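# Chain and residue survey
Listed below are the residues making up each chain.
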Amino acid sequence: MDIAANIAQIQKRIIAVCQNCGRDPGEVRLVAVSKKKPAKDIEAAIDVGQTLLGESYVQECAAKIDEVRADAEWHFIGALQSNKVKYLRGKVAMIHSVDRFSLAEMINRQWSKNDACVDILIQVNLGEEESKSGTTASELIDLVRQVAQLKHVRIKGLMALPPWVADPEEVRPYFRQLRELAEQIAALELSNVTMQELSMGMSHDYEVAIEEGATLVRIGTAIFGAR
Ligand SMILES: *Cc1c(COP(=O)(O)O)cnc(C)c1O
């Protein structure tokens, strides 16, 4: 795997897609998803300036943050049990996968111990798939209003992990729906809530996600190879 070349290639594609759809490439950040990959692969990415990293498993995430020496910004993107939030406290800059109030409360409680505040995204289960985490679109606004009351979390936007389909064009309606939900919430002008981030798009569909407004694309396989 030529990690440096893969990152360069993706960054080029991000710029090209932005230019084609009239977006500023500076609005789109690449989250390199390093789950199940060793620290040396992560360091290879950091060496070429890819300092934004995403992890999906709590203990693995916490261990790698300690192991990787170089400065990086870590985002937690995976399913999260409340009793494991403590392992992430103070280590991650953003949690993409907040899908229920009890989890937000636990994050709030843990970050309050550091007298700090963490950025979070609300994960929406757009396909309403049984197997996936995420709040439903209909419950989203209530959840956002509740979470907005917590002092040690800041809602920065929405995240989705749509159903996997071979043809990325088929995912476009889900990406569009996520953007529309974010627009609805932004229009409410709730305090402690901004909708500046849309975390959507993975290795096989990030180009479509960018066309629909993604600001954080979470890419693993296309950078680090198959897991
Ligand atoms: C693993 C993972 C990704 C990256 O998927 P790839 O297809 O390898 O790019 C993105 N988002 C989440 C939530 C993941 O768990």
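Model, not experiment: these values are computed from the prediction. (Residues numbered from 1 in each chain as written. Predicted model: local features only at pLDDT ≥ 70, side-chain atom pairs only at ≥ 80, totals over all residues. Heavy atoms only, no water.)

## A closer look at the pattern of salt bridges
Pairing between side chains of opposite charge can happen when their charged atoms approach one another. Applicable threshold: Here, a salt bridge means any side-chain nitrogen of Lys or Arg that lies within 4 Å of a carboxyl oxygen of Asp or Glu. Helix numbering and strand numbering both begin at the N terminus, where a helix is a DSSP run of H or I of at least 4 residues and a strand a DSSP run of E of at least 2. Three labels apply to residues, based on accessible area from a 1.4 Å probe with only protein chains included: buried if under 20% of the type maximum, exposed if over 50%, partly exposed otherwise in between.
Enumeration over the complete set of coordinates arrives at 16 salt bridges. When the shortest N-O distance is used, the salt bridge between arginine 29 and glutamate 73 registers 3.5 Å. Of this pair, arginine 29 sits in strand E1 (residues 29–33) while glutamate 73 sits in strand E3 (residues 73–76), placing them 44 residues apart in sequence. The closest approach of N and O atoms between arginine 172 and glutamate 169, which form a salt bridge, is 2.7 Å. The buried category is assigned to arginine 172, whose relative accessible area is 15%. One salt-bridge network, held together by shared partners, links Glu169, Arg172, Arg176, Arg179, Glu183, Glu211 and Glu212.

## Thoughts on helix H1 (residues 3–21)
Our working rule: Here the expected length of a helix is defined as 1.5 Å per residue gap, with one fewer gap than residues. Summarising the geometry, the arc corresponds to the directions from the helix axis toward the C-beta atoms.
Counted at 1.5 Å a residue, the expected span for H1 with its 19 residues is 27 Å, and the 27 Å between its end C-alpha atoms agrees. Ile3, Asn6, Ile7, Ile10, Ile14, Val17 and Cys18 are the residues of H1 that are buried. Projected down its long axis, H1 shows its buried positions confined to an angular sector of 105°, all on one face. Seen from the buried face of H1, the exposed residues on the opposite side, beyond 90 degrees, are Lys12, Gln19 and Asn20.

## Regarding the side chain of aspartate 119
For clarity, the threshold we go by: Whenever a nitrogen or oxygen atom comes within 3.5 Å of another N or O atom, the pair is scored as a polar contact, on the condition that within protein one atom can donate a hydrogen and the other can accept it, and that pairs from neighbouring residues in sequence are kept only if both atoms are in side chains. Residue contacts follow a heavy-atom distance rule, with two residues in contact if any of their heavy atoms lie within 4.5 Å.
Among the structural elements, aspartate 119 can be located in strand E5 (residues 118–124). Looking at aspartate 119, the relative accessible area reads 16%, which means it is buried. For aspartate 119, the side chain forms a polar contact with the side chain of arginine 154, separated by 2.9 Å. Those residues within four positions of aspartate 119 in sequence are excluded, and the remaining contacts are Ala93, Met94, Ile95, Arg154 and Lys156.

## Looking at the site of the ligand
Which entries qualify depends on this criterion: Throughout, near means a residue has at least one heavy atom within 4 Å of the molecule or strand. As a working rule, the residues Ala, Val, Leu, Ile, Met, Phe, Trp, Tyr, Cys and Pro are called nonpolar, Asp, Glu, Lys and Arg charged, and the rest polar, with Gly in that last group.
Every residue lining the ligand is accounted for by Val33, Lys35, Ser56, Ile77, Leu161, Met202, Ser203, Arg218, Ile219, Gly220, Thr221 and Arg227. Within the side chain of arginine 218, a nitrogen or oxygen atom sits 2.9 Å from a nitrogen atom of the ligand. Between an oxygen atom of the ligand and a side-chain N or O atom of arginine 227, the distance comes to 2.8 Å. Its residues placed into classes, the shell around the ligand shows 5 nonpolar, 4 polar and 3 charged.

## Some thoughts on the side chain of glutamate 197
Within the fold, glutamate 197 resides in strand E7 (residues 193–199). Polar side-chain contacts of glutamate 197 include one of 2.5 Å to the side chain of threonine 215. Those residues within four positions of glutamate 197 in sequence are excluded, and the remaining contacts are Arg29, Met94, Leu121, Lys156, Gly157, Leu158, Thr215 and Leu216.

## What to know about the nonpolar core
Put simply, the rule is: Residues enter a nonpolar core if they are buried and are Ala, Val, Leu, Ile, Met, Phe, Trp, Tyr or Cys, with the set joined through side-chain atoms within 4.5 Å.
If you look at the biggest cluster of nonpolar residues, it comprises 66 residues, and the most contacted ones within it are Ile107, Ile122 and Leu158. In terms of residue count, the dominant contributor to this core is H1 (6 residues). Excluding residues that lie within four positions of it along the chain, leucine 158 makes contacts with Leu121, Ile122, Val124, Leu140, Leu178, Leu181, Ala182, Ile185, Met195, Glu197, Leu198 and Ser199. If you look at the next biggest cluster of nonpolar residues, it comprises 6 residues, including Leu52, Met94, Leu121 and Met159.

Without other data, these values stay purely geometric and don't point to any function.
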